[in-house]
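# Survey of secondary and tertiary structure
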Amino acid sequence: MTIDHRTLLASRRGVLAGSAAGVAVHSASPAFAASSSQKADADPTAKVSLKVNGTDHALDVDTRTTLLDLLREHLKLAGTKKGCDHGQCGACTVMVNGERINSCLSFAVMHEGDEVTTIEGLGTPDDLHPLQDAFIEHDGYQCGYCTPGQICSAVAMLQEIRSGIPSHVQDDITEDPSVTELEMRERMSGNICRCGAYSNIAEALAEFAGETA
Amino acid sequence: MRPFTYERAGSPAEAAAAAIRMQGARFIAGGTNLIDLMKIEVETPAHLIDVNGLGLDSIEGTQDGGLRIGALVSNADLSADKRVRRDYGVLTRAIVAGASGQLRNKATTGGNLLQRTRCPYFYDTNQPCNKRKPGSGCGAIGGFSRQLGIVGVSDKCIATYPGDMAVALRVLDAKVETVKPDGTTRTIPIGEFHRLWGDTPHIETALETGELITAVILPPPLGGRHFYHKVRDRRSYAFALVSIAAVIQQDGSGRVAVGGIAPKPWRVPAADAALPDAAAAARALTAGATPTEDNRFKIALVERTLAGVLAEARGEGATS
């Protein structure tokens, strides 16, 4: 049953793993101009070099390009989703240098030298990340649109707990936090699921966190 | 979004100098508020100066036993610092009560002080707003104002300062260290950093054009028990209706600051003096209040939230 479900998911939506193909590599000069350039009749652009899922990219982009749009429109990594585009929903969550951020609220040109991990870097359709497996096992989605952001967020969130970042629900903030359902729920509040699959997401997280604790 | 040119600054003084050299320039650090506002063209900078490379990202002890927090220290890192958690618990409590994990990883100490109001009429460019467009009027007065201010507001603007961190900094008597475009530095007491709106709600802080925040200085630890109780429409990831930052000593004396009710973190000497009498302190904090029908409840909510803090300080009731 799990396999059928997984096949269905991968073929119908491909949401959990995103597109593994379609990585456009722009091999421009690695030299970086610290200032943006502006021709008289063109909108300003700037160069940025960064690593996405282990692959180096050097691009020259309109300065207005968010990291989210760079991933989706320039690198064709459409696993990362655009929900609200205002940092309220968390669908665009990716990891930058291991920390989760809203990629919609960050300009691409500000990521010089950064290492970005998207859902495509966590798992592939043939080799799912254990948390993707847990989401399937516990039905942690309906439409699946928020799922890549949920998974990227959760992987980094567990690392935050382990590295001692405190949270609002700790009774004693001088203590190191622990991986509890209450902690995980509070720390995932930046990821909205419009379908309301929260209880199943929480179960998937509990299973994954238990395995990796 | 309007087009803009972009540069990375190499030093604080260089960044401040660049800010007055380029017309319409703005600093950008975490960008979580500025980029949001640029997308809806409430903010329209022609030039962005990226200050992330300035090295202002460490927390160091000061000679008098306080802490100097670099302006670029992220909210997450500041909340997690062992010294902050031990000696300035109200600050960690306030930070983790705000925003989301993703946002706290990007938001910076300096940028968070400059977070702009969340008044819906400020965000909606089809509405009048004296803060966004001076002289255009205020849509919030007579409009939807549940979230908005009850004290320190004016007949031009009833917006609130929305953040949590600064409310804790206010109760701790922090200072804001800056550098100006001419290279001179100064420290601004947190109580003087945010301005009341008066007739100029578009002028929000004491910063001059091109002045860059370089650090926030915490005085030596106050001791006592630290509290940050935040009341909001959702239990996580929502702005405060009312929040109370307090440091309460064993004898019941202490300090209290309130968020969510005014253009700045609200602290009144008479309220500190009235502690531990919650009702008297709350009366002092809301004296002269000019609420709307939508937000009149905040007067009672200040007293009840403060009473909850003081009960917890006495060892009664649950934690927030």
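You'll find the structure just up there.
Residues numbered from 1 in each chain as written. Chains lettered and ligands numbered in written order. Predicted model: local features only at pLDDT ≥ 70, side-chain atom pairs only at ≥ 80, totals over all residues. Heavy atoms only, no water.

This next bit is on the sheet that holds strand 6 (residues 175-179) of chain B. Residues and elements named next belong to chain B. Strands sit in the order 4-5-8-6-7 across an open sheet of five strands; the sheet is antiparallel. One side of each edge strand has no neighbouring strand; the edge strands of this open sheet are strand 4 (59-61) and strand 7 (185-189). Taken over all neighbouring pairs, the strand axes of this sheet differ in orientation by 25 degrees on average, direction set aside. Pairing geometry for strand 4 and strand 5 (residues 67-70), over three bridges, is antiparallel. Opposite Ile 59, over in strand 5, you have Ile 69 as the bridge partner. (Pairing = 2+ DSSP bridges. Helix = DSSP H or I, 4+ residues; strand = E, 2+ residues; numbered from the N terminus. Axes fitted to C-alpha atoms, helices over the stretch in contact; angles between N-to-C directions.)

Okay, the packing of helix 12 (residues 278-285) of chain B against helix 13 (residues 297-313) of chain B next. All names here are of chain B. Running from amino to carboxyl end, helix 12 crosses helix 13 at an angle of 140 degrees, the nearest separation of the two axes being 9 Å. It follows from the interaxial angle that helix 12 and helix 13 lie oblique. Of the two possible hands of crossing, helix 12 and helix 13 adopt the one that is right-handed. Together, Ala 278, Ala 279, Ala 281, Ala 282 and Leu 285 of helix 12 and Val 302, Glu 303, Leu 306, Ala 307 and Leu 310 of helix 13 make up the contact between the two elements. When its residues are assigned to classes, the contact of helix 12 with helix 13 shows nine nonpolar, no polar and one charged. (Parallel < 35°, antiparallel > 145°, perpendicular 65-115°, else oblique. Left-handed = near helix turned anticlockwise from the far one by under 90°. Contact = heavy atoms within 4.5 Å. Nonpolar A, V, L, I, M, F, W, Y, C, P; charged D, E, K, R; others polar.)

Here the focus is the environment of Gly 135 of chain B. Residue and element names in this part refer to chain B. Of note, Gly 135 is situated in the loop between helix 8 (120-123) and helix 9 (165-171). Judged by relative accessible area, Gly 135 falls into the exposed class, the value being 73%. The sequence separation of Gly 135 and Thr 214 amounts to 79 residues, and the corresponding C-alpha distance is 33 Å. (Buried < 20%, exposed > 50% of the residue type's maximum accessible area, 1.4 Å probe, protein only.)

Glancing now at the interface of chain B and chain A. Counting residues at the interface gives 44 residues for chain B, matched by 48 residues for chain A. Summing both partners gives a buried area of about 3,700 Å² for chain B against chain A, and 53% of it is carried by carbon and sulfur. The partner of Lys 82 of chain B in a salt bridge is Asp 176 of chain A, with the nearest N and O atoms 3.5 Å apart. Viewed at the interface, chain A and chain B are joined by 22 residue pairs in polar contact (both at pLDDT 80 or more). Those elements giving two or more residues to the side of chain B that touches chain A turn out to be strand 1 (5-8), helix 2 (34-39), strand 3 (47-50), helix 3 (75-80), helix 4 (82-87), helix 5 (89-96) and helix 6 (101-106) of chain B. Residues that form the side of chain B that touches chain A fall into these classes: 16 nonpolar, 15 polar and 13 charged. (Buried area = accessible area lost by both parts, 1.4 Å probe. Salt bridge = Lys/Arg side-chain N within 4 Å of Asp/Glu carboxyl O. Polar contact = N/O pair within 3.5 Å; in protein donor to acceptor, adjacent residues only side chain to side chain.)

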